[in-house]
Amino acid sequence: MRKRETRQQLKSKVADMTNMPKDVVLGVPVLTMTGQEELYIENYRGILEYTETFIRVQTKIGNLQVVGQNLRIAYYMNDEMKINGLIKEIKYQNEIRN
Amino acid sequence: MLIRLIRYLQGYMKIRVSGYSPERFLNLCKHRRISLWGLVPANDAYEMYISVSGFQKLTPILKKTGTKVVILKKSGIPFFLHRYRKRKIFFFGGFFCLLLIYVFSLFIWDIQITGNYSQTDEMILEYLKSQDVRHGMRRADVDCPKIVRELRANFDDIIWVSASLEGSRLKIQVKENSDTIKETQVTKDTTPKDIIAPCDGKVSSIVTRKGTPQVQTGDEVKKGDILVLGRVDVLDDSKTVVDYQYQVADADIFLETSIPYENSIKNTYMEKEYYGIERKEYRLRIGKWILSFGSSKNDYDKAEIWCEKRQLKLGKHFELPIYLEKNGIIPYQTKEMAYADKEIQKILSDDFSRFCMDLKKRGVQILENDVKIYKDNGVSCAKGTLIVNMPASDEKQDTKILTVEQKENKTEGEP
């Protein structure tokens, strides 16, 4: 676990030095939100749970929780997914410290 | 929109995935790059849309995850065609339609001409027709550079032409030379001319520009008399003619003359009395073949016959050999009626006014008129004389050419 953290820190430093995007170097998720009703998630690993009010997505840096109403997954593809609905909350679980 | 269309063309289905861990099913689909959309949770299962090709790859995933798939709905072209596979005429119709579109696209159905102002579309089309460029010709036979060359060569005022094919439309753009004014092709006749009197009368005014005037204001002239001579004498100091100069005589001359006027009309006229019947016939003419409805047969001695004909066109100029015709007859009989005195007076006065207007347009001034209406034996007539002041500069004759015999001697005598 410690070894993994060190590697992550090193990658982060390299990304900072070389000005390369962190989502590419570190593989961290990219969230793009339009208003309160559209959310695009890139760089995710998979879905862990999905109901109309709650979606849990697995990412490299931990689980991402999306809480809202009438949540729908408009599409679910290899590199990107889109969530529609009234999004009230987005939070990370099991955060990994850099 | 485009994605929806592609999905419809490729075919897709709505499925329900249920089992122990449907989320794992979703993740495996993601991993194997099977796209899913419209994901909706439904109790312990998920409903989603999947493409036909994606669905075919599902078997190993289902085995691995232990989930079950139920197809709820099938949509798209492949399913549509499969459903109606026994309707052969439908498929034949579709195929025939495509074939027709293809065949029709091989011909020119419209010739569009733009940019022409003085040359009308009809003139250009008529010329193109003479060069075998016409509606309905094969697209492959159109030679655009040749059309451009021929149009340039035939129409002088067209300075630029572009011919291009747009689908089954031949587009011809032209630019006309609007700067130059067309030179009038009037060749001036330079033969020496005299101005002669067009009728008997008295000269009321004369202003000569070219030539030698032969009359003065107040002179009485007869028809054919020379008013201005096209020959000008060249005199020496002793007032002897040494030479002649010839030119086309030019002058403003007015002659005071009298014009007789007579116009007569019958006191009766024929009035139409309609029977109140009208027969109509509608015709559809395709080439030589005619389909008619109704009848326009005429059994009466007198009838008004009218006809309307309309040719069907494809687009703006492509004329089809199909005509819509409407024929009709309105029979009537005639009855002799007499004009009232006032009506006769009005008709004759109106005719006389028109006659006077015509004279005025020709530059004739009416000085006096004593036209009166006479009525006898079923005929009424307006008769009289007009005293007018009319221009008399247009009637011309060739000038007689004279030679100067003593010219040689005279020039020799000069110092």
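Before any of the text, the structure's been laid out above.
Definitions and cut-offs
Residues numbered from 1 in each chain as written. Chains lettered and ligands numbered in written order. Predicted model: local features only at pLDDT ≥ 70, side-chain atom pairs only at ≥ 80, totals over all residues. Helix = DSSP H or I, 4+ residues; strand = E, 2+ residues; numbered from the N terminus. Buried ≥ 20, exposed ≤ 12 C-beta atoms within 10 Å, placed from the backbone. Contact = placed C-beta atoms within 7 Å. Pairing = 2+ DSSP bridges. Expected span 1.5 Å × (residues − 1). Axes fitted to C-alpha atoms, helices over the stretch in contact; angles between N-to-C directions. Nonpolar A, V, L, I, M, F, W, Y, C, P; charged D, E, K, R; others polar.

1. Topic: the overall build of chain B
Across its full length, chain B holds 10 helices and 24 strands. When the 415 residues of chain B are sorted by exposure, 16% land in the buried category. Within chain B, contacts between residues at least 6 apart in sequence are counted, and of these 67% link residues at least 24 apart.

2. Re the overall build of chain A
Helix and strand counts for chain A come out as 2 helices and 6 strands. The linear arrangement of helices and strands in chain A, starting from the amino end, is α-α-β-β-β-β-β-β. Residues counted as buried form 17% of the 98 residues belonging to chain A. In chain A, the proportion of contacts linking residues at least 24 apart, taken out of those at least 6 apart, comes to 35%.

3. Digging into the sheet that holds strand S10 (residues 212-213) of chain B
Residue and element names in this part refer to chain B. The 4 strands are arranged S10-S12-S8-S24 in an open sheet whose pairing can be described as antiparallel. Taken across any chain shown, the strands that pair with only one partner, and hence form the sheet edges, are S10 and strand S24 (396-398). In this sheet, S24 lies alongside strand S8 (residues 193-196) in antiparallel orientation, the contact comprising 3 bridges. Note that in S24 the partner of Lys-193 across the bridge is Asp-398.

4. Observations concerning the environment of Lys68(B)
Residue and element names in this part refer to chain B. Within the secondary structure, Lys-68 is located in strand S4 (residues 68-75). Given 13 C-beta atoms within 10 Å, Lys-68 falls into the partly exposed group. For the pair Lys-68 and Ser-18, spaced 50 residues apart in the sequence, the C-alpha separation amounts to 5.3 Å. With residues near it in sequence (within four places) discarded, Lys-68 still touches Ser-18 and Gly-19.

5. Digging into helix H6 (residues 88-104) of chain B
The first and last C-alpha atoms of H6(B) sit 24 Å apart over 17 residues, in line with the 24 Å expected at 1.5 Å per residue. Counting buried positions over the 17 residues of H6(B) gives 0, only a small fraction of the element.

6. Considering the environment of Ser296(B)
Residues and elements named next belong to chain B. Summarising the element assignment, Ser-296 is placed in the loop between strand S18 (289-294) and strand S19 (303-314). Between the C-alpha atoms of Ser-296 and Gly-328, which are 32 residues apart in sequence, the distance is 5.7 Å. For Ser-296, the contacting residues outside a window of four places in its chain are Arg-279, Lys-280, Glu-281, Asn-327, Gly-328 and Ile-329.

7. Some points on the sheet that holds strand S5 (residues 110-114) of chain B
All names here are of chain B. Read from one edge to the other, the open sheet built from 3 strands follows the order S5-S7-S6, with strand pairing classed as mixed. Each edge of the open sheet carries a strand with a single partner, namely S5 and strand S6 (158-166). Across the sheet, the axes of successive neighbouring strands diverge by a mean angle of 15°, strand direction being ignored. In terms of strand pairing, S5 meets strand S7 (residues 169-176) through 5 bridges, oriented parallel. Each bridged residue has a counterpart across the sheet, and for Gln-112 the counterpart in S7 is Lys-171.

8. Re the pairing of strand S15 (residues 250-266) of chain B
Bridge count between strand S9 (residues 201-210) of chain B and S15(B): 7 bridges; the pairing is antiparallel. Residue pairing for S15(B): Ile206(B) is matched across the bridge by Ile253(B).

9. Quick look at unusual backbone geometry
Residues and elements named next belong to chain B. Despite not being glycine, Arg-33 has its phi angle at roughly 60°, a positive value. Along the chain, Arg-33 turns up in the loop between helix H2 (22-31) and strand S2 (36-42). Its 11 C-beta neighbours within 10 Å are what place Arg-33 among the exposed residues. Although it is not a glycine, Asn-43 sits at a positive phi angle of roughly 55°.

10. Quick notes on the interface of chain A and chain B
When the parts of a complex come together, some accessible area is lost, and that lost area is often used as the size of the interface. Each partner contributes residues to the interface: chain A has 14 residues there, and chain B has 13 residues. Elements with a minimum of two residues in the side of chain A that touches chain B: strand S3 (44-50) and strand S5 (62-76) of chain A. Across the side of chain A that touches chain B, the residue classes break down as 8 nonpolar, 3 polar and 3 charged.

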